[in-house]
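Here is what each chain is made of, one letter per residue.
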Amino acid sequence: MPHAAQGVFQNGNDGPDPMVIPRGQKLQGIPNNASTTPITYASSLFHDVRRPVKMIVATPADISSLCFVDDEAVKFPLSPDEVEIRALAYALDKIDANVMLGISGESTSIGECAGVITALGSDIKHSFQIGDRVCCWNTNVAFASQTRVKGSFTQRIPKSWSIERGAALPQNLSLAYYSLNDCAQVQSGQIVLVHGADEPLGQATILVANLLGLQVIATVKEEAEKQTLLSYRCIKPAHVLNSEDIALPKALLRLTRGAGLDAVVNASSTSLPEKLMTSVAPFGTIVDMYGHGWLLATSDSAIRQISFDAAQLLRYRPSVASNAFQTVLSLLRDENPDDFFPIATVAIANAESACKVVQSQARGGKMVLLADENIMVNVKEHATPTKALANVERLIQVVTDLSIPHEQKTHLLGLVTQSAVGSDASLATTKRGTSSSSSSSSSSSTAAASDTSVATATDDAPPSVSQEELSVQRRLAASSSMSEVRQIIFVEQLKKIASLVAINADQLDPRDPLVDLGLDSMTMIELKEWFGNTLGANIGTQNILDAEGLEALASLVAQKSNFCPNGLPDELESATEPSPLKPAEAEGNDVVASNSVVKSISTAFVPNTLPRFPLPDINALCNAFLTGVKAFATPSEFSNTIHAVEEFKRPNGPGRVLYDRAAVRAADPNVENWEWELQLQRGFLDRRVPLTPCTSFWFSHPLSQRQHSQPERAALLTYTANKFKLKMEAGLVKPIVLNEQELTTAFHPWIFNTVRVPGVDSDEMQRHPHNNYCVVFWKGHAFKLNLSVGNQPATCEELFAAFELILSQSVTRSFVTIFTSDNRPSWAEARKCLQQLDPQNAASIATIEAAAFSVSLDEASPTTAAGRGRQFHFGGESDAANRWHDKSLQFAVCSNGVSGTIGEHTMLDAMTMSELSEAIAAAISSDAHTEVGAMPVTATIKPEPLTLRTDARLEKHIDRVRAQYANSIKDAEHAYFLFEGYGSKSLRDLKLPPKSVFQMIVQLAAYSTFGYTPPCWETVNQAHYHLGRVDIIQVVNPQVAAFLAAARDPSVDMFERRALLINATRAHVASINRAGRNLGWERNMTALRALLKDGEEVPTLYEDPVYKRVRPRVMMSNCFETGMLEKGCMWKAPEAVWAHYEVYDESVYFSIVTSENGRATRFCEHLEEAAELVKQIVFA
């Protein structure tokens, strides 16, 4: 944990040494001469989006003159390769302080900071997302509220890190990794000496060395430094030596058994003692990270010596430094270095005191300046604009709005500015004249002319900067009524939204609901940021979606804007009156991004409180249904369907009766979610089909950098899952946020200790909390495995020993567990027979069902994507009877160490599992428990066999189920296809939503596969409601159908096909947005039918041929991020295709599962053909 700031400043410099932080050009435009003009300061928010500031020293060498001034740099356009960060923490060291004071020979420092991305350059919009928590280091990191840095030196902060940790470590970790990996080129198991290990750079080197599997020896100067280092538990006591001990070389040779050191890394600000030369092995390496500029005498030893400093690395090998930064953070994704690195923190408002502390330290120490959202700082005041200037601004606006020729308007503007008084007006005149002389004489809209003219009047703005935002602020500030404010906002948002959806502004209907405009999640976030920066209004994404139209949205923004004066009269009686405004021409198009941002937030676990699940209006529901089925009906059929819909809505008719019952449930405070239980019962528990292969979902885990053994991977998964389980039970697992909306945690408790108990007529879900064990299956036999030793969670090593013990059991294969793959009524009868046959059977079944989760140790060793898919989905050819499919959570681990997760779908969706999946992926990729199998561990956990006896009748039943199951999967195929022709980056550059474009590609491939366009279904998240799960939308709406019909038609030119593609993707995004607000139809109609009572008349709509034709049966295509490799599910229909795809910057990864052998492969071939066709259409 960070040390308290007050501890740092007690007794001068007696506090703990702070961590040292890399340096950056934190000073831009420091004044060289002290001003004699009295300076006034005002206390202001550091993070005021309307007034970005930076920290400077006003008078060189005078630390008391440290203050904050307006940051003019942010007025310039963001470079294509830069990110803009709202910095929340900065590193500060002695060099930084001296550079700011102007008393250092260096003009720049290397800076580090951490915060949240607020803007992205055009070249890196696909590497990050606005809102990402990031850290950075480079020479252009400033002590500014909106600092800018190269995207190549920016990385996402590991989730386990605090924001101050992100500011304190980037440079040191990068230098340490570069020194060890690139310079010393050490290998796992080699011995490295870290000289100056007590200093921050030394501590970072030790951490990285441990990550690389090196044996570390450290040198320090004092006993207190040794004890501090040992308190971090990163090194053995015998490996910490005194650097001034004359016997140091002998001690090093003793520790290396005479072989010598493979590498010596000098992390000290002082020179390396020459006596260490005799301890370096032949062909060893000495690396000096402070660039002292000398070489040790090497006599006849073959020793390589490398000397550099951070500035040299950034100047001559920036790409290498960037790669080191990226790699070392990837190694630390699941690590929390808080206990290893002490960090001294202080509020940025107290930066003067912090500078004094770091200057007083003889050795390299650093502090972290914290700048939370509400921190106040002293900002140097502007000269107050005169009243005359305000009048000039008003006159400028009036002249700008005149409908007169451009030359006359320019002349009038010149006359107005010449009459201005005061230095501010003179400056405005100068700038305005410069800009006007170069402005185009081409005709433009009134709004465009207004922008151009007012932009030229802005003060202090460099000629190259875009003045759009400043222009809008000035016009809002000069408004005389709320009507005028709304008009300005309406025009500006019209242009912005038109650019985001890639259409002309005059095509937008101001009264169309915003949800119908095709604004996907990333576009919403961009629009939200634009509202804040340009219009001064904090508008949530849900407010945007809920707006009834652009006029209503303009009224809301006007109410919240901080840029317009208070107390303006309202000249409009209603925001919904017809608007006299005409859509302005859109000034180009902008990107429609589509990747949803998923992140953790710091709120209490719970279950959390979320909005109640809404019941849609019956008219909206029926309209959504008609839109979803129209493409699959002939005109006469559709006419009949419309009649069925009207009958469904008729007052007192059978459909209205069902809807009214749903309305009663929706209004009942005792019903938590009117739809959830209906879907649970009808969609899951009442279904009598086997859970596998057609209900459960699965995905394979990432491959590790080093191949794991089977017991090692099983131990790693079990350890990680148990750690997550304990965090969840302790209330430490935070809710997820998707598109700024917190998702329900109500289903988290159903991940562990959960079972779906089979019944003849219907199943039952049961939870058995507080049972801290898992069940392991090996050759079909079950073993109970405790997850704790005494009162402590089992370690990975202890679990490894237990899994090795299970694998050593000599057992014949059992097939009893194949029952869980049977039809539910049949399995219910068999389960009852097993329980009655032997009391031990009943006890074993109860133990299995109450377990936290199960781990299946499979004999197979799949090496291909298709092989892994078949293994984890079906159990492969030999391990189908090595599962217990009733368990909500199963892990399968193959003999070659590859593994996967199998989820029982009744209470779980992939989103519910996402945080656990992330933890597993991080554990595998970080390889935190490297070579655990090489450690001799006594088995402290004794696996307990769980007997399941059978008789002849049950064995005959087992044979029947095995044959039935083998027949159901024999022709199934898993195919995986990586398309590398293009991805999200190029599509976003063309302002097209990538996920929707590739959904159109899937539909084209479906036509080629089926010979016709089938109804296709896609899941949409609804977990932002209490007990919300997913809806499914029918993808092929009329706009999509129109594109599919024209896409391969040579008589339709490419321009028209492209226009149809844009319409199709917009309609697709709009369908997703509506379904996310429960304005879809499939799940709602299904839930209403579940309210039908025995003997009641079934509404004719449910018997309508079109309704039945479009029902989910043959095609599913999903797109959401899992972080996993292969994944899949399978539908029962023989011709069905299940597809999933994940879109990356330059590629797309497709997972395809079919019931027919060869069909998945053909589908992948058609995907490639369709992708090439769409490429021709898009890039024509």
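Worth saying up front: this structure is predicted, and the values here are computed from it rather than measured.

Helix and strand counts for the protein chain come out as 37 helices and 38 strands. For the protein chain, the proportion of its 1180 residues judged to be buried stands at 57%.

Here the focus is the pairing of strand β9 (residues 191-195). Taken across its five residues, β9 has five buried, putting it largely inside the fold. Residues Ile191, Leu193 and His195 point to one face of β9 and Val192 and Val194 to the other, with burial holding for every one of them. Across five bridges, the pairing between β9 and strand β10 (residues 215-220) is parallel. Paired with Leu193 across the two strands is Ile217, which belongs to β10.

This part takes up the side chain of Asn608. Along the polypeptide, Asn608 turns up in the loop between β18 (598-600) and α20 (618-629). Relative accessible area serves as the criterion here: at 7%, Asn608 is assigned to the buried category. Among the polar contacts listed, one links the side chain of Asn608 to the backbone oxygen of Leu743, at a separation of 2.9 Å. A polar atom in the side chain of Asn608 sits 2.9 Å from the backbone nitrogen of Thr745. Apart from residues lying up to four places away in sequence, Asn608 is in contact with Pro735, Glu742, Leu743, Thr744, Thr745 and His1026.

With that out of the way, let us pick up the nonpolar core. With 115 residues, the main nonpolar core has Phe998, Phe1043, Trp1081, Leu1088, Met1115 and Phe1150 as its most contacted residues. It is helix α37 (residues 1159-1178) that provides the largest number of residues to this core, a total of ten residues. Each residue touching Trp1081, except ones within four places of it in the same chain, is listed here: Leu621, Ala624, Phe625, Gly628, Val629, Trp1017, Asp1031, Gln1034, Tyr1107 and Val1110.

Summarising the model, the protein chain shows a mean pLDDT of 81, and 80% of its residues fall at 70 or more. Every residue in residues 383-390 scores below 50 in pLDDT, and together they form eight contacts with partners more than four places removed in sequence or on other chains. Confidence drops under pLDDT 50 across residues 420-467; counting only partners more than four residues distant or on other chains, this segment forms 83 contacts.

To continue, consider the pattern of salt bridges. By the definition in use, this model includes 35 salt bridges. Arg824 is paired through a salt bridge with Asp886; the nearest N and O atoms lie 2.9 Å apart. Residue Arg824 is located in helix α26 (residues 824-837), and its partner Asp886 is located in the loop between α28 (865-874) and β29 (889-893); the two are separated by 62 residues in the primary sequence. One exposure class covers both Arg824 and Asp886, and it is buried. Between Lys970 and Asp971 there is a salt bridge; the shortest N-O distance is 3.0 Å. By relative accessible area, which is 37% here, Asp971 ends up partly exposed. Residues joined in a network through salt bridges with shared partners are Arg688, Arg756, Asp763, Arg824, Asp886 and Glu904.

Attention shifts here to the packing of aromatic side chains. Summed over all chains, the structure comprises 33 aromatic pairs. Here the aromatic cluster, defined as three or more aromatic residues joined through ring pairs, consists of Phe977, Phe979, Tyr982, Phe998, Tyr1141, Phe1150 and Phe1179. Sitting over the face of the ring of Trp750, Arg767 holds its NZ or CZ atom 5.9 Å from the ring centroid. Above the ring of Tyr773, the side-chain terminus of Lys784 is found at 4.6 Å from the ring centroid.

Look at helix α32 (residues 994-1010) against helix α33 (residues 1038-1047): their axes get within 10 Å of each other, and the N-to-C directions meet at 60°. Judged by the inter-axis angle, α32 sits oblique to α33. Both α32 and α33 take part in a crossing whose hand is right-handed. Here α32 contributes Met1000, Gln1003 and Leu1004 to the contact with α33, which in turn contributes Val1040, Phe1043, Leu1044 and Ala1047. By residue class, the composition of the contact of α32 with α33 is six nonpolar, one polar and no charged.

To continue, consider the sheet that holds strand β12 (residues 261-266). Strand order in the open sheet formed by six strands is β11-β10-β9-β12-β13-β14, with parallel pairing between adjacent strands. Each edge of the sheet is formed by a strand with only one pairing partner; in this case those strands are β11 (240-242) and β14 (304-307). Shown here is a sheet whose adjacent strand axes are inclined to one another by a mean of 20°, direction ignored. The pairing of strand β13 (residues 280-288) with β14 spans four bridges and is classified as parallel. Following the sheet pairing, Val287 is matched in β14 by Ile306. Contacts from helix α7 (residues 248-255) reach β9, β10, β11 and β12, with the element oriented near 160° to β11.

Sequence positions flagged by UniProt for "active site" (unreviewed entry) are, in local numbering, His905. You can see His905 is positioned in the loop between β30 (899-903) and α29 (914-926). Excluding its chain neighbours within four sequence positions, the residues that come into contact with His905 are Phe684, Thr695, Phe697 and Arg1029.

Attention shifts here to the side chain of Thr1065. Tracing the backbone shows Thr1065 in helix α34 (residues 1054-1076). The exposure class assigned to Thr1065 is buried, which follows from its relative accessible area of 2%.

Turning our attention to the environment of Thr744. Tracing the sequence through the fold places Thr744 in the loop between β21 (741-742) and β22 (754-757). The class for Thr744 is buried, based on a relative accessible area of 11%. Sequence-wise, Thr744 and Ala1023 are 279 residues apart; in three dimensions their C-alpha atoms are separated by 5.5 Å. Apart from the residues within four sequence positions on either side, Thr744 is in contact with Asn608, Leu610, Ala1023, Tyr1025, His1026, Leu1027 and Gly1028. Within the structure, Thr744 has its side chain in polar contact with the backbone nitrogen of Ala746 (distance 3.1 Å).

Turning next to the pairing of strand β16 (residues 366-370). Within a regular strand, the side chains alternate between the two sheet faces. Taking burial as the measure, the five residues of β16 include four buried ones, the bulk of the element. By the bridge criterion, five bridges tie strand β4 (residues 82-93) to β16 in an arrangement that is antiparallel. From the neighbouring strand, Leu92 faces β16, where its bridge partner is Met367. Here strand β15 (residues 344-347) pairs with β16 via four bridges, running parallel. Bridged to Ala344 within β16 is Met367.

As a further point, take the sheet that holds strand β28 (residues 854-857). Reading across from one edge, β31-β25-β24-β28-β29-β30-β19-β36 is the order of the eight strands in this open sheet, with mixed pairing throughout. The two strands at the open ends of the sheet, each matched to only one other strand, are β31 (944-946) and β36 (1127-1128). In this structure, strand β24 (residues 773-778) lies alongside β28, joined through four bridges in parallel fashion. Each bridged residue has a counterpart across the sheet, and for Phe777 the counterpart in β28 is Ser856. Across the face of the sheet, α28 comes into contact with β19 (697-700), β29 and β30 while running at roughly 140° to β19.

With that out of the way, let us pick up the packing of α32 against α34. The N-to-C vectors of α32 and α34 enclose an angle of 110°; their axes lie 9 Å apart at closest approach. In terms of orientation, α32 lies roughly perpendicular with respect to α34. In contact with Ser996, Val997, Gln999 and Met1000 of α32, α34 contributes Leu1061, Ala1064, Thr1065, His1068 and Val1069. Residue classes in the contact of α32 with α34 are distributed as five nonpolar, four polar and no charged.

Reading the values: rules and limits
- Residues numbered from 1 in each chain as written.
- Predicted model: local features only at pLDDT ≥ 70, side-chain atom pairs only at ≥ 80, totals over all residues.
- Heavy atoms only, no water.
- Helix = DSSP H or I, 4+ residues; strand = E, 2+ residues; numbered from the N terminus.
- Buried < 20%, exposed > 50% of the residue type's maximum accessible area, 1.4 Å probe, protein only.
- Pairing = 2+ DSSP bridges.
- Polar contact = N/O pair within 3.5 Å; in protein donor to acceptor, adjacent residues only side chain to side chain.
- Contact = heavy atoms within 4.5 Å.
- Core = buried A, V, L, I, M, F, W, Y, C linked by side-chain atoms within 4.5 Å.
- pLDDT = per-residue confidence, 0-100.
- Salt bridge = Lys/Arg side-chain N within 4 Å of Asp/Glu carboxyl O.
- Phe/Tyr/Trp six-rings, centres within 6.5 Å; stacked < 30°, edge-to-face > 60°.
- Lys NZ or Arg CZ within 6 Å of the ring centre and 35° of its normal.
- Axes fitted to C-alpha atoms, helices over the stretch in contact; angles between N-to-C directions.
- Parallel < 35°, antiparallel > 145°, perpendicular 65-115°, else oblique.
- Left-handed = near helix turned anticlockwise from the far one by under 90°.
- Nonpolar A, V, L, I, M, F, W, Y, C, P; charged D, E, K, R; others polar.
- UniProt positions renumbered as here; feature names shortened; annotations may be inferred.

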